[in-house]
Amino acid sequence: MLRNHFGSRRNFLKGAAATGVAAAGLNLFAPRPASADQQGGGDPPQDSGKPFRRYVIRGGSVMSMDYPNVGDFAQADVLVEGNTILAVGPHIAAGTADVIDATGRIVMPGFIDTHHHQFETALRSYLADGVLINDGSGTPSGSTTYYEFILNKFAPVYRPQDVYINELFGGLSQLDDGVTTVHDVSQISHSPAHSDAAIQALIDTGRRAAFGYFESAGNFGLGVPGNQYPQDAPRIFKQWFSPGNLSRNGLVHMIMGGEVYLGNATTDKSWTIGRSLGLQIAAHILSPFGIRPILDSLAAGTGGNGHIGIGPDNLFIHMTGMSDQGWQAVKDKGAQVSIAFPIEMNMRHGMPPVLKMQNLGMEPSLSVDVECTMTADFFTQMRVCMNMQRAMVNQMILDQNTPPDTLELALSNNWGLPPSAAANPWPKPPASLPAPLTTRDVLRYATMNGAKALRLDGKVGSLTPGKEADIVILDATRLNVAPLNQVPGAVVSLMDRTNVETVIVAGKVRKWKGQLLDVDLDRLRQQLTASRDYVFSAAGIPQNLFSSQ
């Protein structure tokens, strides 16, 4: 609840000023409720999210994402009290509870983003044409790259106040999109003040989050001189998340970043500290940076300085290009995998390993990664996931009993599909081939799988009585969707953020009738633009609206 955080934010800004951090201009919130009457009538439920306050979401098409315990309803109600879902079903008796009319709407759990570098919000679209690492080609894609520019030129110049406004604006933008939970991969821990700024922003955003305490980006992996990663983790945990690994507002918890490409000593230290605090350990695992043999050593229990191994507390991001040994350990140990489909395809991380996961009987969660290259919109994440997997599977089916080209032969051989000169005009999938993903599959990836990946599945991810009320209400009467014929299909294949009408986090209505509540977006936008201008200037990179070079 944003207006309840003025005190904590003031304390943060006073502390920042005392340590020489410029705090002027960060009074970013104002009590500006949506003009609900102009948005279609009716005010949001009064005091939503507060103990004992009840409201009922009435008459929507309810997709619970909890099968078979709750199920789906063509028309039903969701009863909320405080921060908790009390009941889901048709014609719920709610007494004098406030009513949210969901006629013509889809009611479902909020989306969950398991990997997002929110500190890069001011750099949106800068790297739209780039890839991960300079390939020496001299082309725009191969020269203006993520590793050299974003991590080693822009990131090192960030001040704590830049971290704060980037984190805050990026979080609110996703909240507007129906993403009620994020794992913020904060690779911006240049100082304790930088880490504190990121955490304060996550709290002030008012949505559910995991603060990923990662390294100080810059200096080609060494970070900004004087950074306190990873040894500042116990201080952060004690100050912000102890006891119980939960912030004071009950919405933010901590994950330990444990990148394995920083060297054995850092891996050993970060994983050991994280496990001593009982935290989940997250790491980017992908084709570049020589990570494949490192994951193999972790699979064997000999990672770090010789004794670090994979466990159920691991969250691995990307998992492109890894060996069968590594994958088997990830599965056997119960580690979680987050795939960022659009980024991996666009930035040369390697092929998103969804077929590998299906072959092993595993499923991923979905993640945005970086807005400097691609949108953080979760409808895009779901569509790209489904389209990419189906493109590969469909081509394998079409290639059955035909001589495939080199690329398709490599894919086909992985599944034992015999090439033949005889073409089959109506191929059928072999038993060994994963089925094409459905819209319901990717919705599960975007909700329940995300909750499992962040250890929140007992709390959110589905509309299950007893869980906290993280809910989105999607308008299916709009021009891009009507008439509604199939709920999962409408959400995944037709909708975008303009359909996100109402967003609820822990019972609190945060977006109502298409407008975020209690947020001065004009002021926030000015602060983000000022941060953008400072970061470009300090990094010595000219601003050019038509080129990143």
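As the structure is a computational prediction, the values presented were derived from the model and not from experiment. (Residues numbered from 1 in each chain as written. Predicted model: local features only at pLDDT ≥ 70, side-chain atom pairs only at ≥ 80, totals over all residues. Heavy atoms only, no water.)

A.B. asks: I would appreciate a short explanation of the sheet that holds strand E11 (residues 314-318) in the present structure.
C.D. replies: Where strands meet in a sheet, backbone hydrogen bonds hold them as pairs that are either parallel or antiparallel. Within the open sheet, the eight strands sit side by side as E6-E7-E8-E9-E10-E11-E12-E13. Their pairing is parallel. Across the chains shown, the open sheet's two edge strands, defined by having one partner strand only, are strand E6 (111-116) and strand E13 (365-366). Across two bridges, strand E9 (residues 252-257) lies against strand E10 (residues 281-285) in parallel orientation. Paired with methionine 256 across the strands is isoleucine 281, a residue of E10. Packing of helix H12 (residues 378-398) onto the sheet brings it into contact with E6, strand E7 (179-186) and E13, and relative to E6 it is tilted by some 85°. (Pairing = 2+ DSSP bridges. Helix = DSSP H or I, 4+ residues; strand = E, 2+ residues; numbered from the N terminus. Contact = heavy atoms within 4.5 Å. Axes fitted to C-alpha atoms, helices over the stretch in contact; angles between N-to-C directions.)

A.B. asks: Please clarify how the pairing of strand E8 (residues 208-213) should be interpreted in this entry.
C.D. replies: Successive residues of a regular strand alternate their side chains across the two faces of the sheet. Most of E8 is tucked away, with six of its six residues classed as buried. Taking every second residue as pointing to the same face, both faces of E8 are buried, with Arg208, Ala210 and Gly212 on one and Ala209, Phe211 and Tyr213 on the other. The handedness of the E7 to E8 crossover, carried by helix H5 (residues 192-205), is right-handed. In this structure, E8 lies alongside E9, joined through five bridges in parallel fashion. Within E9, the residue paired with alanine 209 across the bridge is valine 252. (Buried < 20%, exposed > 50% of the residue type's maximum accessible area, 1.4 Å probe, protein only. Right-handed = clockwise from strand over helix to strand, strands pointing away.)

A.B. asks: Honestly, the side chain of asparagine 449 in this entry has me stumped. Any pointers?
C.D. replies: Tracing the backbone shows asparagine 449 in helix H15 (residues 448-453). In contact with asparagine 449, not counting residues within four places along its chain, are Glu363, Pro364, Ser365 and Arg444.

A.B. asks: What am I meant to see in empty space enclosed by the protein here?
C.D. replies: Empty space among the atoms can be located by rolling a probe the size of a water molecule over them. Considering all chains together, one arrives at two cavities of 30 Å³ or more under this definition. Counted as a void, the second largest cavity has a volume near 30 Å³. Surrounding the second largest cavity, Arg208, Ala209, Leu246, Gly250, Leu251, Val252, His253, Leu456 and Lys459 form its lining. Across the lining of the second largest cavity, the residue classes tally to five nonpolar, two polar and two charged. (1 Å grid on protein atoms, 1.4 Å probe; cavity = no way out; pocket = protein on both sides within 12 Å on 5 of 7 lines; lining within 4 Å. Points joined across faces, edges and corners; volume = space filled by probe spheres on them. Nonpolar A, V, L, I, M, F, W, Y, C, P; charged D, E, K, R; others polar.)

A.B. asks: Just to check I follow, could you spell out the packing of helix H8 (residues 291-299) against helix H9 (residues 324-333) for this structure?
C.D. replies: The relative placement of two packed helices is expressed as an angle between their axes plus a distance between the axes. Running from N to C, H8 and H9 point in directions that differ by 45°, and their axes come no closer than 8 Å. Classed by the angle they form, the pair H8 and H9 counts as oblique. For H8 against H9, the interelement crossing comes out left-handed. Mapping the contact onto sequence places Leu295, Asp296 and Ala299 in H8 and Gln325, Gly326 and Ala329 in H9. Looking at the contact of H8 with H9 residue by residue, the class counts come to three nonpolar, two polar and one charged. (Parallel < 35°, antiparallel > 145°, perpendicular 65-115°, else oblique. Left-handed = near helix turned anticlockwise from the far one by under 90°.)

A.B. asks: What is the right way to read the nonpolar core from this model?
C.D. replies: What tends to happen in soluble globular proteins is that the nonpolar side chains get buried as a cluster. Phe111, Phe211, Phe316, Met382 and Val491 are the most contacted members of the largest nonpolar core, which totals 124 residues. Top contributing element to this core by residue count: H12, with ten residues. The residues touching methionine 382, leaving out its near neighbours within four places in the chain, are Phe111, Leu366, Val442, Leu443, Ala446, Val491 and Val492. (Core = buried A, V, L, I, M, F, W, Y, C linked by side-chain atoms within 4.5 Å.)

A.B. asks: Honestly, the pattern of salt bridges in this entry has me stumped. Any pointers?
C.D. replies: A side chain of one charge can pair with a side chain of the opposite charge when the charged atoms of the two come close. Summed over all chains, the structure comprises 21 salt bridges. As a salt-bridge pair, aspartate 475 and arginine 105 come within 3.6 Å of each other at their nearest N and O atoms. A residue pair is termed long-range when its members are at least 10 positions apart, and aspartate 475 in strand E14 (residues 471-475) and arginine 105 in strand E5 (residues 105-109) qualify at 370 residues. When its relative accessible area of 7% is taken as the criterion, aspartate 475 is described as buried. Residue glutamate 501 pairs with arginine 105 through a salt bridge whose shortest N-O separation is 2.8 Å. Of the two residues, glutamate 501 sits in strand E15 (residues 500-505) while arginine 105 sits in strand E5, which places them 396 residues apart along the sequence. Residue classification places glutamate 501 among the buried residues on the basis of a relative accessible area of 11%. Taking the relative accessible area as the measure of exposure, arginine 105 reaches 16% and is therefore buried. (Salt bridge = Lys/Arg side-chain N within 4 Å of Asp/Glu carboxyl O.)

A.B. asks: Hey, could you run me through the packing of H5 against helix H6 (residues 233-241) in this one?
C.D. replies: Orientation of H5 relative to H6, taken along the N-to-C sense of each, is 30°, at an axis distance of 11 Å. With respect to H6, the axis of H5 lies roughly parallel. As H5 runs across H6, the sense of the crossing is right-handed. Side by side, H5 and H6 meet where Pro192, Ser195, Asp196, Ile199, Gln200 and Ile203 of the first sit next to Arg235, Ile236, Gln239, Trp240 and Phe241 of the second. The residue inventory of the contact of H5 with H6, partitioned by class, reads six nonpolar, three polar and two charged.

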